[in-house]
Amino acid sequence: RCQSMADCLIEERPEEGVLLLRLNRPQARNALNTELRVALSETLRSAANDGSTRVAVVTGDATAFAAGADITVVADETPMGMHRLAFHKLWQDVADFPKPLIAAVNGYALGGGCELALHADIIVAGKGASFGLPEVKLGIMPGAGGTQRLVRAVGKYRAFRLLMTGDIIDAEKAADWGLVSELAEDGEVLATALKMAGKIARLPPFALEHIKETVLLGADLPLQSAIALERKSYHMLFDTADQKEGMKAFKEKRKPDFKGE
Ligand code: CO8
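Now for a description of the structure that goes with this document. Predicted model, so just to flag it, every value in this text is computed and none were measured.

Take the overall build of the chain next. Helix and strand content of the chain: 13 helices and 10 strands. Taken over the C-alpha atoms alone, the chain extends approximately 60 × 40 × 40 Å along its principal axes. Considering the chain as a whole, with its 261 residues, one finds that 46% of them fall into the buried category. Residue pairs at least 24 apart in sequence account for 66% of intrachain contacts in the chain once pairs closer than 6 positions are excluded. For the chain, the accessible area works out to roughly 13,900 Å², and carbon and sulfur atoms hold 57% of it. Put simply, the chain has 32 plus and 35 minus side-chain charges, and the middle of one group is 5 Å from the middle of the other.

Turning our eyes to something else, we now look at the packing of aromatic side chains. Summed over all chains, the structure comprises 1 aromatic pair. Ring plane angle 90° and centroid distance 5.4 Å describe the contact between Y234 and F238, whose orientation is recorded as edge-to-face. Its relative accessible area of 36% is what places F238 among the partly exposed residues. Sitting over the face of the ring of F87, R37 holds its NZ or CZ atom 3.9 Å from the ring centroid.

Paired through their backbone hydrogen bonds, the strands of a sheet run either parallel or antiparallel. Spatially, the 4 strands line up as an open sheet ordered 4-6-8-9, and their pairing is mixed. Each edge of the open sheet carries a strand with a single partner, namely strand 4 (64-66) and strand 9 (168-170). Averaged over all pairs of adjacent strands, the angle between their axes in this sheet comes to 20°, without regard to strand direction. Sheet analysis places strand 6 (residues 108-110) next to strand 8 (residues 130-132), joined by 3 bridges and oriented parallel. Bridging across to strand 8, A109 finds its partner in F131. The sheet contacts of helix 6 (residues 112-119) involve strand 4, strand 6 and strand 8, and relative to strand 6 the element is tilted by about 90°.

A separate point is the pairing of strand 2 (residues 17-23). Counting buried residues in strand 2 gives 6 out of 7 residues, a clear majority hidden from the surface. Examined bridge by bridge, strand 1 (residues 9-15) and strand 2 share 5 bridges and lie antiparallel to one another. Bridge pairing in strand 2 links L9 to L23. Two successive antiparallel strands, strand 1 and strand 2, enclose a turn made up of 1 residue. Two strands pair when backbone bridges link them, and strand 2 and strand 3 (residues 53-59) are joined in this way by 6 bridges, in the parallel orientation. Bridged to V18 within strand 3 is V55. Remark: the strand 2/helix 2 (residues 34-48)/strand 3 crossover connection has right-handed handedness.

Around the ligand, a shell composed of 21 residues is seen, among which R29, A67, A69, I71 and G112 lie nearest. Within the backbone of I71, an N or O atom sits 2.9 Å from a nitrogen atom of the ligand. Here an oxygen atom of the ligand and a backbone polar atom of G112 are 2.8 Å apart. For the ligand, whose accessible area on its own is 1,100 Å², the fraction buried by protein is 62%.

The subject of this paragraph is the sheet that holds strand 2. Ordered by their spatial adjacency, 6 strands build an open sheet running 1-2-3-5-7-10, and the pairing between neighbours is mixed. Whereas interior strands pair on both sides, the edge strands pair on one side only; in this sheet they are strand 1 and strand 10 (182-184). Taken over all neighbouring pairs, the strand axes of this sheet differ in orientation by 20° on average, direction set aside. Of the pairings in the sheet, the one linking strand 3 to strand 5 (residues 101-105) comprises 4 bridges and is parallel in character. Pairing of A56 across the sheet is with L101, part of strand 5. Packing of helix 2 onto the sheet brings it into contact with strand 1, strand 2 and strand 3, and relative to strand 2 it is tilted by some 175°.

Moving residue by residue along a regular strand, the side chains alternate between the two faces of the sheet. The element strand 7 (residues 122-126) is largely enclosed, with a buried count of 5 among its 5 residues. Burial along strand 7 is two-sided: I122, V124 and G126 and I123 and A125, pointing in opposite directions, are all buried. Of the strand pairs in this sheet, strand 5 and strand 7 are connected by 4 bridges, and their pairing is parallel. Pairing of V105 across the sheet is with A125, part of strand 7.

Reading guide: rules and limits
Residues numbered from 1 in each chain as written. Predicted model: local features only at pLDDT ≥ 70, side-chain atom pairs only at ≥ 80, totals over all residues. Heavy atoms only, no water. Helix = DSSP H or I, 4+ residues; strand = E, 2+ residues; numbered from the N terminus. Buried < 20%, exposed > 50% of the residue type's maximum accessible area, 1.4 Å probe, protein only. Contact = heavy atoms within 4.5 Å. Areas by Shrake-Rupley, 256 points an atom, 1.4 Å probe, with all protein chains shown as cover. Lys, Arg positive; Asp, Glu negative; His and termini not counted. Charge placed at Lys NZ, Arg CZ, Asp CG, Glu CD. Phe/Tyr/Trp six-rings, centres within 6.5 Å; stacked < 30°, edge-to-face > 60°. Lys NZ or Arg CZ within 6 Å of the ring centre and 35° of its normal. Pairing = 2+ DSSP bridges. Axes fitted to C-alpha atoms, helices over the stretch in contact; angles between N-to-C directions. Right-handed = clockwise from strand over helix to strand, strands pointing away. Near = heavy atom within 4 Å. Polar contact = N/O pair within 3.5 Å; in protein donor to acceptor, adjacent residues only side chain to side chain.

The following block contains the structure:
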């Protein structure tokens, strides 16, 4: 158990606009217990409304991003007990985080840990990282969107291969399957993710939020509706000061200064 929520999840501000969240239960391979889930959900919910956060990076440690749900918490649960734990509400806060979310993955990303990575918009993984949804080996199945997000990310046949065997794949294969945005040397993962985060933090937040919303919502809409959603979002951005600044800076051949207005 962690002593407190702040213990389970360490918050850092490596640079302006960037929120770094470190999962911190190294003794349990960062397995997601209730405190850690609550900490993640509350931190992301407040960061969603906090103008000083433009992008969030979630990471674990050198051995594990997260090895899944904490099996000891749920081993003796009943269906109603699982329902009352209401973990789905905590996951919803992660899914609803409207700003760019980057997962910096070293080591194991298994079960709920893999599902956490699947909530991210960008995954940076070390060559020694591994991914899998081994729930079937425990007599259950993924319960945090894994069946749906994995198939959308890698397609039916690759997704079933992982879901039905519980096999764990290495980062090179995950990258080959399109589950990794950027493969890095193990020691370079966080630096690579933070560099990307810093770049994103200097870009206009309204445009980023609309890109995220349009991609994620649009993926589940009929094409015509998704294109209409894209058009409305695109047109709306012409009401922002950052659009004026971006285009003015281009004409004046200088770097834009996006204020999030
Ligand atoms: N839960 C609880 N404890 C864990 C977990 C976990 N998922 N994973 C590791 N630990 C603990 C171990 O029990 C061990 O504790 P102790 O030192 O007290 O014995 C400690 O972490 C270190 O683990 P290992 O000694 O096993 O370390 P290794 O480096 O040898 O192996 C592995 C690491 C391969 C990650 C191995 O620990 C393992 O296989 N872990 C389980 C992986 C797994 O099955 N994950 C899926 C869990 S189920 C799940 O995620 C359901 C998702 C649904 C989410 C929504 C719920 C509502």
